[in-house]
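Structural features, examined
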Amino acid sequence: MVLPTSGDYTSVVANAGLGAADSLAVETTYSLALTWALNNYGIMRQFVSKRPEAVPHPAQTVTMKKWNYFSEAAVTSAKTPLNEVADVAARRLPAVSNVVIEAAEYGDVVEHTEFFEGRALVPFEAAKATTLADQSAKVIDELIQDQILADITETVKTEGLKVTAADIREAATVFLEDNVPTYSGGFYYFVAHPRVLADIRIEAGTGGWRVPKDYVDSSLLSALPNELGEFEGFRFISNNRVRNTAAGSGVDERWNSYLFGSGGLAEHVVVPPQVRVAPQTDALRRFHGLGWYFDMGWKVYEPLAIKVITATATGADQAL
């Protein structure tokens, strides 16, 4: 056996009769099992509930039509009894609103050499694909948050306040007042930072907070990633990638929480998320590229069905 002359290895302590030059050495060994660092996957796209229909051809921009209802004034005027001998004056339908979604291309790629692949100590192709998939999901998460914050400019809470059970009840009441439909199963969704959710769980108490197994164990509903429970008509999803509005500013941390009703978020897909293998153009085909790509866009379709709460949380400035 040829022992390494350099690198990371350990030597067995020399026994009697063995000189330093001929001491036994043991090279460091490695586990071929591949595990991952702590992480949180992007999940905002699962709340998309509107998509263009019957689009005749691919397009950079797609316009979705949103029908409006008659105003309260029109309802009131229609309460007048008809005249027996007079005809009814025709009324125009309410104006249709346009919701314009613009798609854009996004993507990234990694490359490795034949030399590296032949010496990798772990299953490198699996690592490459998983890392790229994670990155693309996080990019989607960020893009959706960017669009929501661009379209929804009014937040519910003010600086220095945390989310309470009363805020949850008020949000559910406002959704009901605005006739916002629920998702499948009759629930709205609340996506928030773990610390914000900890405060809500304390406020809700054991009598009001339901864990997922109490309401999703059926053929209709299944638990979502990072789902913690239900309270006052909202299913709560933990996401530590929600925007921290005070990051790096030296003030108390304030996180955005997102409240979703069905019909609030729309998506335009030209090319869905996919993995793409780069062509090998070098003479000996020694360079291998793998990347992700999508061509999509998002827009708040119904502002009444999405709300943003900016709030602090208990213990946000404490370190364990």
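Residues numbered from 1 in each chain as written. Predicted model: local features only at pLDDT ≥ 70, side-chain atom pairs only at ≥ 80, totals over all residues. Heavy atoms only, no water.

**Description of the overall build of the protein**
Applied cut-off: Strands here are runs of E lasting at least two residues and helices are runs of H or I lasting at least four, both read from the DSSP assignment and numbered beginning at the N terminus. Residue exposure (1.4 Å probe, protein chains only): buried if accessible area is under 20% of the type maximum, exposed if over 50%, otherwise partly exposed. Whether two residues touch is decided by their heavy atoms; if any such pair falls within 4.5 Å, the residues are in contact. Only the protein chains shown count as covering a residue, and every accessible area follows the Shrake-Rupley method with a 1.4 Å probe.
For the protein, the helix and strand inventory stands at five helices and twelve strands. Put simply, the protein has 320 residues, and 35% of those count as buried. Relative to all contacts within the protein whose residues are 6 or more apart in sequence, the contacts with residues 24 or more apart total 76%. Only carbon and sulfur atoms are counted for the fraction: they give 55% of the accessible area of the protein, which is about 19,700 Å².

**Some details on the sheet that holds strand 9 (residues 255-260)**
The strands making up a sheet are joined through hydrogen bonds of the backbone, oriented either antiparallel or parallel. Applicable threshold: The pairing criterion for strands is at least two bridges between them, as found by DSSP. To get an axis, fit a line to the C-alpha atoms, keeping to the stretch in contact for a helix; angles then go from 0 to 180 degrees between the N-to-C directions.
Strand order across the open sheet formed by five strands is 7-8-6-9-12, with mixed pairing between neighbours. In this open sheet, the two edge strands, each paired with only one partner strand, are strand 7 (227-231) and strand 12 (306-311). Shown here is a sheet whose adjacent strand axes are inclined to one another by a mean of 20°, direction ignored. Here strand 6 (residues 188-192) pairs with strand 9 via three bridges, running antiparallel. Directly across from Phe190, in strand 9, lies its bridge partner Leu259. Seen against the sheet, helix 3 (residues 124-151) touches strand 9 and strand 12 and runs at an angle of roughly 85° to strand 9.

**Details of the packing of aromatic side chains**
Aromatic ring pairs: the centre-centre distance and the angle between the two ring planes describe each pair. Definition in use: Think of it this way: a Phe, Tyr or Trp ring, Trp meaning its six-membered ring, pairs with another when their centres are within 6.5 Å, and the plane angle makes it stacked under 30 degrees, edge-to-face over 60, tilted otherwise. Charges are assigned to positions over rings by a cutoff of 6 Å between ring centre and Lys NZ or Arg CZ, combined with an angular limit of 35 degrees from the ring normal.
With the rule as written, the count across this model stands at 14 aromatic pairs. Centroid distance Phe190 to Phe234: 6.1 Å. Interplanar angle 90°. Geometry classified as edge-to-face. One end of the pair, Phe190, is in strand 6; the other, Phe234, is in strand 8 (residues 234-238), and 44 residues separate them in sequence. Across the pair, exposure class does not vary: Phe190 and Phe234 are buried alike. Aromatic ring contacts, followed pair by pair, group Phe175, Tyr188, Phe190, Trp209, Phe234 and Phe236 into a single cluster. A cation sits over an aromatic face here: Lys66 above Tyr301, 5.7 Å from the ring centre.

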